[in-house]
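# Architecture and fold: a report
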Amino acid sequence: MQYLWDAFDIKTFPAFTAVFVDGKFNPELSELGNVATVSDAGGKSLINIKKTGKLPVHIIYVGKIAGDNELDIEISAEKARVFITGKIICEKPVFLKKTIKNTGFLAEIKSNFLIKNSSNLKLSILAEHLAEKTGIFDKTKVVALKDSETELSGEAIIPAGSEGCESDIAFSALCAPDIKSIRFSPTQHIKSPPDNAEHSAAIWRGAPAQIEYLQTAGLSGAEVEAALREAFENE
């Protein structure tokens, strides 16, 4: 996994892994054993996590993507622990659809994506809680660069019979002053009492105290901007 650290600054840990580079499954960097299967063709990727192993499952989605892409994660194993780390760059128009279907009792998935967009990005997230006490925690950060268009939509579904779930979809964006547009579309459909259900969207800005401190330290305008972007990405 040294390659992922060197090329993408991805911190790995002991886990079963499914690695996607530039939108394509890379079996040479992956090790899933018999806990999950992957189907990958034409920008559409399906990961089915059927068994619970001694280690968690770590899905890694990195590189540059363009056009239509789908990432579907289905969790049927009870008490499964799943993590998703995404670091992607959009230099051409992108539509990325990410679907998480959790049918495993007490199974939990935590997803963290960082996207740098200099083109036209449409991201759609669907989080389905289809068993009791499932957890889906999905966080997306977008660095929206000059002339970019960004549309982020998230939908959480907790149907009848899925009591005690925890659901959280969070969007945040750091925007250049000369972007074309950015839009957030949060939706929740809740028919069972959850333990927790949140959905948030925010434009991130450096605090005045942060900016003043960096300026008094002698940083130029460009250096202040770079420092704030680093703070946003690593927060």
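The structure reproduced in this document is the subject of the present report.

What counts and what doesn't
Along every chain, residues carry numbers that run from 1 in the direction the sequence is written. Owing to the predicted nature of the model, reporting of local features is limited to residues with pLDDT of at least 70; listing and counting of side-chain atom pairs is limited to 80 or more, with chain, interface and lining totals taken over all residues. Calculated side-chain values reflect all of the structure's heavy atoms, with hydrogen atoms and water omitted. Helix numbering and strand numbering both begin at the N terminus, where a helix is a DSSP run of H or I of at least 4 residues and a strand a DSSP run of E of at least 2. Only protein chains enter the area calculation, which uses a 1.4 Å probe; residues under 20% of their type maximum are buried, those over 50% are exposed, and those in between are partly exposed. Contacts are assigned to residue pairs with any non-hydrogen atoms lying within 4.5 Å of each other. Side-chain atoms within 4.5 Å are what join buried Ala, Val, Leu, Ile, Met, Phe, Trp, Tyr and Cys residues into a set we call a nonpolar core. Think of it this way: DSSP has to see at least two bridges between two strands before they count as a pair. Only the stretch in contact is used when a helix axis is fitted, and all axes are lines through C-alpha atoms; the angle between N-to-C directions ranges over 0 to 180 degrees.

## Remarks on the environment of Pro159
In this structure, Pro159 sits in the loop between β12 (149-158) and β13 (166-175). A relative accessible area of 23% places Pro159 in the partly exposed class. Spatially, the C-alpha atom of Pro159 lies 39 Å from that of Trp5, the residues being 154 residues apart in sequence. When residues no more than four places from it in sequence are discounted, the contact partners of Pro159 are His129, Leu130, Lys191 and Ser192.

## Focus on unusual backbone geometry
Not every positive phi belongs to a glycine, and Asp9 is a case in point at roughly 55 degrees. With respect to the element layout, Asp9 can be found in the loop between α1 (2-8) and β1 (16-21). Residue Asp9 is classed as partly exposed on the basis of its relative accessible area of 38%. Its identity as a non-glycine residue notwithstanding, Asp22 has a phi of 55 degrees, on the positive side. With respect to the helices and strands, Asp22 occurs in the loop between β1 and β2 (24-25).

## Description of the nonpolar core
Counting residues in hydrophobic clusters, the biggest one holds 40 residues, and the most contacted among them are Ile59 and Ile73. With residues near it in sequence (within four places) discarded, Ile59 still touches Ala18, Phe20, Ile47, Ile73, Val82, Phe83, Ile84 and Thr85. Counting 8 residues, the second-largest nonpolar core is a separate cluster that includes Leu114, Trp204, Leu214 and Leu228.

## A word on the sheet that holds strand β3 (residues 36-41)
Read across the open sheet, the 7 strands follow the order β3-β4-β6-β8-β10-β12-β14; overall the sheet is mixed. Looking at the sheet topology across the chains shown, the edges are occupied by β3 and β14 (181-190). Taken pair by pair, the neighbouring strands of this sheet meet at an average axis angle of 5 degrees, ignoring direction. With 9 bridges connecting them, strand β10 (residues 120-129) and β12 associate as parallel partners. Considered in β12, the bridge of Ala127 is made with Ala156.

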